[in-house]
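Chain by chain, the residues run as shown.
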Amino acid sequence: MMEDMITTIFVLCDELLKALNIKEDPQVKMNNAEVMTVGLVAAYFFGGHHDRSCQFMVQHKYIKNLLSKSRFNRRLHNIDELIWMFFFQVIAQTFKELNPGQEYILDSFPVPVCDNIRIDRCQIYNKEEYRGYIASKKRYFYGLRVHMLVNKNGKPIEFYLDPGSYNDVKVLQSFGFDLPSNSIVYGDKAYNDYQLEDLLKESSSIMLKPLRKKNSKRKESSCFEYIQKVTRKQVETCFSRITNLFPKSIHAVTSKGLELKIILFIIAFCIQFL
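The structure presented is a predicted model; accordingly, all values stated were derived computationally and were not measured. (Residues numbered from 1 in each chain as written. Predicted model: local features only at pLDDT ≥ 70, side-chain atom pairs only at ≥ 80, totals over all residues. Heavy atoms only, no water.)

Chemist: Is there a simple way to think about the layout of surface pockets in this case?
Modeler: To find leftover empty space, one rolls a probe the size of a water molecule over the atoms. When its volume is computed, the largest pocket comes out at roughly 870 Å³. Around the largest pocket, the lining comprises 27 residues; the ones closest to its centre are S108, P110, I134, S136 and R145. Of all the elements in the fold, those that place two or more residues in the lining of the largest pocket are β1 (103–114), β2 (131–134), β3 (139–151) and α9 (233–243). In terms of residue count, the dominant contributor to the lining of the largest pocket is β1 (five residues). What the second largest pocket holds in volume is close to 530 Å³. Considering the residues around the second largest pocket, the lining is formed by 22 residues, among which P112, V113, C114, D115 and S249 are closest to the centre. (1 Å grid on protein atoms, 1.4 Å probe; cavity = no way out; pocket = protein on both sides within 12 Å on 5 of 7 lines; lining within 4 Å. Points joined across faces, edges and corners; volume = space filled by probe spheres on them. Helix = DSSP H or I, 4+ residues; strand = E, 2+ residues; numbered from the N terminus.)

Chemist: I would appreciate a short explanation of the packing of helix α2 (residues 32–45) against helix α3 (residues 50–59) in the present structure.
Modeler: To describe two helices that pack against each other, one gives the angle between their axes and the distance between the axes. In contact at an axis separation of 8 Å, α2 and α3 are set at 115 degrees when each is read in the N-to-C sense. Crossing of α2 over α3 shows right-handed handedness. Counted together, T37, V38, G39, V41 and A42 of α2 and H50, S53, C54 and M57 of α3 form the full contact between these two elements. Classifying every residue of the contact of α2 with α3 by side-chain character gives five nonpolar, four polar and no charged. (Axes fitted to C-alpha atoms, helices over the stretch in contact; angles between N-to-C directions. Left-handed = near helix turned anticlockwise from the far one by under 90°. Contact = heavy atoms within 4.5 Å. Nonpolar A, V, L, I, M, F, W, Y, C, P; charged D, E, K, R; others polar.)

Chemist: Please clarify how the pairing of β2 should be interpreted in this entry.
Modeler: For a regular strand, the rule is simple: side chains alternate between the two faces of the sheet. Here β2 shows a clear split, with G132 and I134 buried on one side and none of R131 and Y133 buried on the other. Note that β2 and β3 share four bridges and pair antiparallel. When the bridges of β3 are listed, Y133 appears paired with Y140. Linkage of β2 to β3, two consecutive antiparallel strands, is achieved through a turn of four residues, within which K138 is found at a positive phi near 50 degrees. (Buried < 20%, exposed > 50% of the residue type's maximum accessible area, 1.4 Å probe, protein only. Pairing = 2+ DSSP bridges.)

Chemist: Would you mind going over helix α5 (residues 81–97) with me for this structure?
Modeler: Quick reminder: α-helices carry 3.6 residues per turn. Residues three or four places apart thus point the same way. In a regular helix each residue adds 1.5 Å, so 17 residues correspond to 24 Å; α5 covers 25 Å between its end C-alpha atoms and thus fits that length. Along α5, the residues classified as buried are I83, W84, M85, F87, F88, I91, A92, F95 and K96. Measuring from the backbone nitrogen of L82 back to the side-chain oxygen at the start of α5 gives 2.8 Å, which picks out D80 as the cap. (Expected span 1.5 Å × (residues − 1). Polar contact = N/O pair within 3.5 Å; in protein donor to acceptor, adjacent residues only side chain to side chain.)

And the structure:
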């Protein structure tokens, strides 16, 4: 299984770079496809530890030449974030085509950078906007929140990284909702936005159906609320499986490095379904 996963990752990276016509210096020790592969293998098998992934890949002869730690990190960071996001979008398109039910779920999960007590010493982020609140656990955290749209089978379709304090409705307006007509998008109570609901329905025939608050003017039937709650469990399973790939603490020196690692975790999670 591990060999198949590594081979799949490399082939996908290589084909993606060829499709984008991205050329590199022929004298490099590791080409971009190998660098991307090591990063994704680290995310899936080694908790994001690039050193372990590099050593494993060399020992098992998946790659011939090993770059130094600093050189590898520079090469990985030099790969444009747009390439990673395009990679994800290609996979997400496959998931959309294999989702005949046209049901989707919208939710978010936190990625803490440090505990509240250590905020003053945090070097990655230092603004108050990164302090968020986890209602289910009744506790604050300091870091990012991943807002994600998944299909009914729990496979990611679209995601955004935002500061922990950002309101779910505010982030909701950033989503493209590039979904088939007559799709239904479920969400929790934080995603109630009547104006956006009407806009999506009129422009794209997409039904945004979050759980309603007690004082909502658009109450749903008890039967429909039950369907919403049961369907939404898939997104919780998806988030649990993604965060299971995380180490206890994601090691990063810069905010860009942390965000890159989160993106790699999400892409690596998606590749296993191909």
